[in-house]
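# Residue-level structure breakdown
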There are 2 protein chains.
Amino acid sequence: MVELRADARRNLERVLDAATEVFAEEGPDASVAEIAHRAGVGQGTVFRRFPSKDDLVFAVVERHVAQMRALAEQALAADDPGDAFFDFIRGVGELAMSMPGLHACVVHCGEKPGAAELEELGRKVVARAQRAGAVRRDVKPADVQGLVRSALTGAPAGEWRRYLEVVLDGLRAR
Amino acid sequence: MVELRADARRNLERVLDAATEVFAEEGPDASVAEIAHRAGVGQGTVFRRFPSKDDLVFAVVERHVAQMRALAEQALAADDPGDAFFDFIRGVGELAMSMPGLHACVVHCGEKPGAAELEELGRKVVARAQRAGAVRRDVKPADVQGLVRSALTGAPAGEWRRYLEVVLDGLRAR
DNA sequence: CGCTAACCGGACTACCGAGTCCGCTTACGC
DNA sequence: GCGTAAGCGGACTCGGTAGTCCGGTTAGCG
């Protein structure tokens, strides 16, 4: 499987796009049949590339997480560590909540995909903000991640920005 | 169905107890078969009393929510509105997280069961604390509820108390 | 007692979604 | 062109769950 035939590659992309769409709308419980149909291919085609449904979810989430990594890198390069942190979190919120279903997928896969690097970067962003005295020192980077994810996941439709601000206020050094 | 035969009443209680146990362990996705088995009755017996599985979930959640109402009433009777509020929230946390699966059930049923009265009481507790200057004024009672629920739902196993404290700090008037 | 309506259990149906299989189609190297 | 292996689709299997049904059991009244 080093080289994919042209039609196979085309279908693979269709599947990934359709899966992103469908998962974004319905979350990780969307059925593979729906995705295959939306992609205009048979179920067999989906399962040939992604041996299990979870593999498909991972692939979709992977793309999504990559964008967050970019934000984290940007935050590390910024001048003010405190502002960088708070803007980073807000950016992650915008990204995640632009496709709520996908966010549920991220939660669904736990830590699996490119989360390791993202977490590593996130750790640095947090540590830097703590060193600069902008973030309270008694929270661990994992706590920040968890709290933010909770606020985003739990907020009703249009309210997540307000929720996030409350959490961010709770994270500020006092 | 005004009067229930003695054996029927006994079975009804067994079912409710078993359901509470099982939902507390496995969340709202636990199967009715498991509950019936744990209660030592047939599935038919369960469905005779609760026409759908959701009805059963509601009944179980109802009981759980009643305990929270008690806490809210207690909070309203307390002297210091600020302390009352923060202790109330912590109490709700203890109650909810002593049975995490049940908490997921509460989330699962949305607002259905005795939530209306609980919400009404909660509203008063929050308003009182805001009037006393202990809680920031730009949050609505529903936000408090949502934020707390999010923090509890999203926290990993042993960490919910720490999460809750961050959120509570975010809610304090500054 | 003994009769009967209420009640019981658990087999059964209906349905849904993940993952498999195989006969047919098509890209593409020669 | 043409032969063939890569690829395709979608019907099918399999497992699991909500909800139904009915022949058998029993509470409890007279």
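Within every chain, residues take consecutive numbers counted from 1 along the sequence as written. Labels are handed out in written order, letters beginning with A for the chains and numbers beginning with 1 for the ligands. Per-residue local features are limited, in this predicted model, to residues with pLDDT of at least 70; the limit for side-chain atom pairs, both in listing and counting, is 80 or more; totals at the level of whole chains, interfaces and linings are taken over all residues.

## Regarding the overall build of chain A
Note on conventions: DSSP H or I runs of at least 4 residues are helices, E runs of at least 2 residues are strands, and numbering of each starts at the N terminus. Across its full length, chain A holds nine helices and zero strands. The secondary structure elements of chain A, listed N-terminal to C-terminal, are α-α-α-α-α-α-α-α-α. By principal-axis analysis of the C-alpha atoms, chain A measures approximately 55 × 35 × 20 Å. Counting only residues that meet the buried cut, chain A has 35% of its 174 residues in that class. In chain A, of all internal contacts separated by at least 6 residues, the share reaching a separation of at least 24 is 68%. Each residue is classified by how many other C-beta atoms fall within 10 Å of its C-beta atom, where C-beta atoms are placed from the backbone; a count of 20 or more means buried, 12 or fewer means exposed, and values in between mean partly exposed. We call two residues in contact when the distance between their C-beta atoms, placed using the backbone, is within 7 Å.

## Digging into the relation of the copies chain B and chain A
Once chain B is rotated about the relating axis by 180° and shifted along it by 0.1 Å, it coincides with chain A to within an RMSD of 0.1 Å. What we have between these two chains is a two-fold relation. Within chain B, the C-alpha atom positioned nearest to the axis of rotation is that of Gly170 of chain B, 1.8 Å from it. Interface residue correspondence from chain B to chain A reaches 100%, placing this contact among same-surface, isologous pairings. Our superposition of the copies is a least-squares fit, built on the C-alpha atoms of residues whose pLDDT is at least 70 in both.

## Some words on the protein's contact with DNA strand D
Only the C-beta atom matters for this test: placed from the backbone, it must lie within 6 Å of a molecule or strand for the residue to be near it. Around DNA strand D, the surrounding shell holds 22 residues, and the nearest of these are Val41, Gly42 and Gly44 of chain A together with Ala6 and Gly44 of chain B. Those elements that place two or more of their residues in the surface near DNA strand D are α1 (6-26) and α3 (43-49) of chain A together with α1 (6-26), α2 (32-39) and α3 (43-49) of chain B. Tallying contributions element by element places α3 of chain A first for the surface near DNA strand D, with four residues. Polar here means any residue outside two lists: the nonpolar Ala, Val, Leu, Ile, Met, Phe, Trp, Tyr, Cys and Pro, and the charged Asp, Glu, Lys and Arg; Gly therefore counts as polar. In terms of residue class, the surface near DNA strand D is made up of seven nonpolar, nine polar and six charged.

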